[in-house]
Amino acid sequence: MEWIDALRSAVAAVLAFIAVPVLIYFLLINTSYLVMIVLAAVDFVAQRRRIPFAGREELMHSRTMPGISVVAPMHNEEVGIRVAVESFLSLQHPRHEVIVVDDGSTDNGFEVLRRAFDLVPVSRQMPQDVPVRETPTSIHVPRDGRTRLTVVRKRNSGRSDSINVGVNLAREDLVLFVDSDSILDPGALLAVSRPFIEDPISTVAAGGVIRAVNGCRVKGGRVLEVRMPGTPLADIQVMEYLRAFHLGRAGWSRINALLLISGAFGVFRRDALVSVGGLDASSIGEDFELVMRLHRTFRKQRRPYRVTFLTEPICWTEVPSTLPVLRRQRARWHRGLWETLWAYRDMLGNPRYGRLGLVAVPYYWLFELVAPLLELAGLVLIALGFALGLVAVEYFVLFMLVAYAYAIIVTLAAVTIEELSYHKYPRWRDLGITLGAVVLENLGYRQLTAWWRMEGWVASLRNRRQVWGTMTRSGFTEVDG
């Protein structure tokens, strides 16, 4: 048939142009992950060696420790908010406060907190150090006058604006952003404070590891037993988080070129936040945008600074357990990636920004932003060419080996290093689930998330309004006794 002949000719012409570049691209991206694994492994060893000499007991009683304000925005988090706040309040630190900002919730989250902590309204003037869209309608504190908890109520204006309200109310030198559906390890604040103690002049921001709490056993705001979620969708996300946090960001931090600190768990010097105007409430990728703005501001001002990542402090968060929620999350993440990279396009290849402009930013353009487009296009064209008899069996097998088998090997290497370093999942059953998730990630899940990321990118290019949707929470698995 004529249309088949035309299709064959078109596919053949495209394949002749992209066949070799596609192989090279996948080889480069997977090799870059492997390089990050090596860099992260070196960092793991260095950080693990420092743990016995960290002096945490001394830090707990030190009057020189910088105080931390833990800011947690809340919007319809009724299911897990009490457990999360209990976790924040009981963290090991000589001086920290917790500020929960209720961003116009329509559920009973505030009532849960009011009953749990006996909250009463107080009159307090909020400083205007960073601009906000909505000011508090009421501020509440525990009646006992001792618990360092502040709960702020305001009209809905988004997560970033809620954090800015918390920054204005923060009374300590450091400000920690954390999602209100999260649980922090007991020593997380002490660990994440270390860079600010070792280099108080230069360190402006630090991030820590985020892990999936799905399936873990929780009691009183503490993770008692670490388990794999046991559902394929969440299990695969565990692998993604491990690769992104333990390896990707640890590797970038090792070469002092970290561009992203997750808004779910990041600590910043308050004066640095104020100097750049806080979070951009209009940005979809507000955490990425903030770190990029810090880099550009401090570089332009020629001020010494450092943005670092730690593999020890852990934040446990609930990952999406349904496809619709995961779809919205990945589309939003990629849209935020594109809009931030475009906003800071002047940094691309700019030697003024050193290794950031010459290495990190180009990497994000080529291997983070463009990856889903090239992966989907390459996979469709090669599969179509194979079906039409235009692609040799040898090339098809080579493509699958370079694109997917290599990716599986890289992730297995990441899992091995993480297991040898931290051994968080002690059950053999969890190890088996982990290995299964590594393979399953490349068989449908990876292609599906690539499609969703493209949806977010296209939505931004078409200037469509961002709809956040509802993140359905199932809550932490609390144990009795």
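Thresholds, definitions, all that
Here the residue numbers are simple positions, counted from 1 along each chain's written sequence. Thresholds applied to this predicted model are a pLDDT of at least 70 for local features of residues and 80 or more for the giving and counting of side-chain atom pairs; totals over whole chains, interfaces and linings are not thresholded and use all residues. Heavy atoms throughout the structure, all of them, feed into the side-chain values; hydrogens and water do not. Here a helix means four or more residues in a row that DSSP labels H or I, a strand means two or more in a row labelled E, and each is numbered from the N terminus. Note on method: radius of gyration uses C-alpha positions; expected globular size equals 2.2 Å times residues raised to 0.38. Exposure classes here rest on a 1.4 Å probe applied to the protein chains alone. A residue is buried below 20% of its type maximum, exposed above 50%, and partly exposed in between. Residues are treated as being in contact if the distance between any of their heavy atoms lies within 4.5 Å. In short, Shrake-Rupley with a 1.4 Å probe defines the accessible areas, and a residue's cover is counted only from the protein chains shown. Charge assignment in this entry is limited to Lys and Arg as positive and Asp and Glu as negative, and neither His nor the chain termini are counted. For the purpose of locating charges, the reference atoms are NZ of Lys, CZ of Arg, CG of Asp and CD of Glu. DSSP calls a pair of strands paired once it identifies at least 2 bridges connecting them. A pair of Phe, Tyr and Trp rings is counted when the ring centres sit within 6.5 Å of each other, with Trp represented by its six-membered ring. The angle between the planes then sorts it: under 30 degrees is stacked, over 60 is edge-to-face, the rest tilted. A fitted line through C-alpha atoms represents every axis, and for helices the fit uses only the stretch in contact; the resulting angles, taken between N-to-C directions, go from 0 to 180 degrees. Under this scheme an angle from 65 to 115 degrees is roughly perpendicular, one under 35 degrees roughly parallel, and one over 145 degrees roughly antiparallel; angles in between are oblique. Crossings are assigned a handedness: left-handed for a near helix turned anticlockwise from the far helix by less than a right angle, right-handed for a clockwise turn. Residues were grouped as follows: Ala, Val, Leu, Ile, Met, Phe, Trp, Tyr, Cys and Pro as nonpolar; Asp, Glu, Lys and Arg as charged; and all remaining residues, including Gly, as polar. Only one rule defines a salt bridge in this text: a Lys or Arg side-chain nitrogen within 4 Å of an Asp or Glu carboxyl oxygen. Helix span is expected to be 1.5 Å times the residue number reduced by one. With a 1 Å grid spanning the protein atoms alone, the term cavity applies to any set of points in which a 1.4 Å probe fits but cannot get out, the term pocket to an open set with protein on both sides within 12 Å along at least five of seven lines, and the term lining residue to any residue with an atom within 4 Å of a point. Grid points are joined across faces, edges and corners, and a volume is the space filled by probe spheres set on the points. Think of a nonpolar core as a cluster: buried Ala, Val, Leu, Ile, Met, Phe, Trp, Tyr and Cys residues, connected wherever their side-chain atoms sit within 4.5 Å. UniProt positions are given in the numbering used here, feature names are shortened, and annotations may be inferred rather than shown by experiment.

Looking only at helices and strands, the protein features 14 helices and 13 strands. For 481 residues, the compact-globule formula gives about 23 Å, and the C-alpha radius of gyration of the protein, at 23 Å, lands near that figure. A total of 481 residues make up the protein; the buried ones form 55% of that total. The contacts in the protein between residues at least 6 apart in sequence include a share of 81% that link residues at least 24 apart. Of the roughly 21100 Å² of accessible surface on the protein, a fraction of 59% belongs to carbon and sulfur atoms. Of the side-chain charges in the protein, 55 are positive and 47 negative, and the distance between the mean point of each set is 4 Å.

Turning our eyes to something else, we now look at the pairing of strand β2 (residues 96-103). In terms of burial, β2 is a largely internal element, 8 of the 8 residues being buried. Covered by surrounding structure in β2 are H96, V98, V100 and D102 together with E97, I99, V101 and D103, the residues of both alternating faces. Bridge count between strand β1 (residues 68-74) and β2: 7 bridges; the pairing is parallel. Bridged to I68 within β2 is H96. Across 6 bridges, β2 lies against strand β5 (residues 149-154) in parallel orientation.

What follows deals with the packing of aromatic side chains. Enumeration over the complete set of coordinates arrives at 15 aromatic pairs. Taking 5.4 Å as the distance between ring centres and 45° as the angle between the ring planes, the aromatic pair formed by Y25 and F367 counts as tilted. Remark: F367 occurs in helix α11 (residues 354-369) and Y25 occurs in helix α1 (residues 2-50); sequence separation between them is 342 residues. We note that Y25, like F367, is buried.

Tracing the chain through its elements places A206 in strand β8 (residues 203-212). The exposure class assigned to A206 is buried, which follows from its relative accessible area of 0%. In this structure, the C-alpha to C-alpha distance between A206 and V20, residues 186 residues apart in sequence, is 40 Å. Setting aside residues no more than four positions away along its own chain, A206 makes contact with V192, P195, F196, I261, G266, V267 and T308.

Interaxial distance between helix α9 (residues 286-300) and helix α10 (residues 323-343) falls to 9 Å at its minimum, and their mutual angle equals 20°. Taken together, the axes of α9 and α10 are roughly parallel relative to one another. Regarding α9 and α10, the two cross each other, and that crossing is right-handed. For the pair α9 and α10, contact is made by F288, E289, M292 and R296 and by G336, L337, T340, L341 and A343, respectively. Per-class residue counts for the contact of α9 with α10 are 5 nonpolar, 2 polar and 2 charged.

All right, on to the environment of V274 then. Along the chain, V274 falls in helix α8 (residues 270-276). Assessed through its relative accessible area of 27%, V274 is described here as partly exposed. Separated by 172 residues in sequence, V274 and D102 have C-alpha atoms that sit 22 Å apart.

A side chain of one charge can pair with a side chain of the opposite charge when the charged atoms of the two come close. In total, this model carries 23 salt bridges according to the counting rule given. A salt bridge links R114 to E111, with the nearest nitrogen and oxygen atoms 2.8 Å apart. Of this pair, R114 and E111 both sit in helix α4 (residues 109-117), separated by 3 residues, roughly a single helical turn. Linking D346 and R296 is a salt bridge whose minimum nitrogen-to-oxygen distance equals 3.0 Å. One end of the pair, D346, is in the loop between α10 and α11; the other, R296, is in helix α9, and 50 residues separate them in sequence. Several salt bridges converge on common partners, so that one network encompasses R95, E97, R148, R171 and E172.

The element strand β6 (residues 174-178) is extensively covered by neighbouring structure, given that 5 of its 5 residues are classed as buried. The alternating pattern of β6 places L174, L176 and V178 on one face and V175 and F177 on the opposite face, and all of these are buried. Judged from the 4 bridges that link them, β1 and β6 form a sheet pairing that is parallel. Along β6, the bridge assignment pairs S69 with V175. Summarising the sheet, β6 and strand β11 (residues 265-269) pair through 5 bridges and their orientation is antiparallel. Bridging from a neighbouring strand, L174 pairs with R269 of β11.

For helix α12 (residues 371-387), built from 17 residues, the straight-helix expectation of 24 Å at 1.5 Å per residue is met to within 8% by its first-to-last C-alpha distance of 24 Å. Looking at α12, one finds that the buried residues are A371, P372, E375, L376, G378, L381, I382 and G385. Directly beyond the C-terminal end of α12, a positive phi value near 80° is found at G389.

With the rule as written, the count across this model stands at 4 cavities of 30 Å³ or more. Its boundaries defined by the atoms lining it, the largest cavity holds a volume of some 80 Å³. Elements supplying a minimum of two residues to the lining of the largest cavity: α7 (232-254), α13 (393-422) and α14 (428-461). Residue classes in the lining of the largest cavity are distributed as 7 nonpolar, 1 polar and 3 charged.

This paragraph deals with the nonpolar core. Within the largest apolar cluster, 139 residues are counted, with the highest numbers of intra-cluster contacts made by L113, F177, L184, Y364 and F399. With 11 residues, α1 is the single largest residue contributor to this core. Each residue touching F399, except ones within four places of it in the same chain, is listed here: V22, L23, F26, G378, L379, I382 and Y404.

Turning our attention to the UniProt feature "transmembrane region" (unreviewed entry) in the protein. Taken from the UniProt record, the annotation "transmembrane region" (unreviewed entry) applies to residues 12-42, 363-389 and 395-417. Across residues 395-417, helical content stands at 100% and strand content at 0%; the span's end C-alpha atoms are separated by 32 Å.

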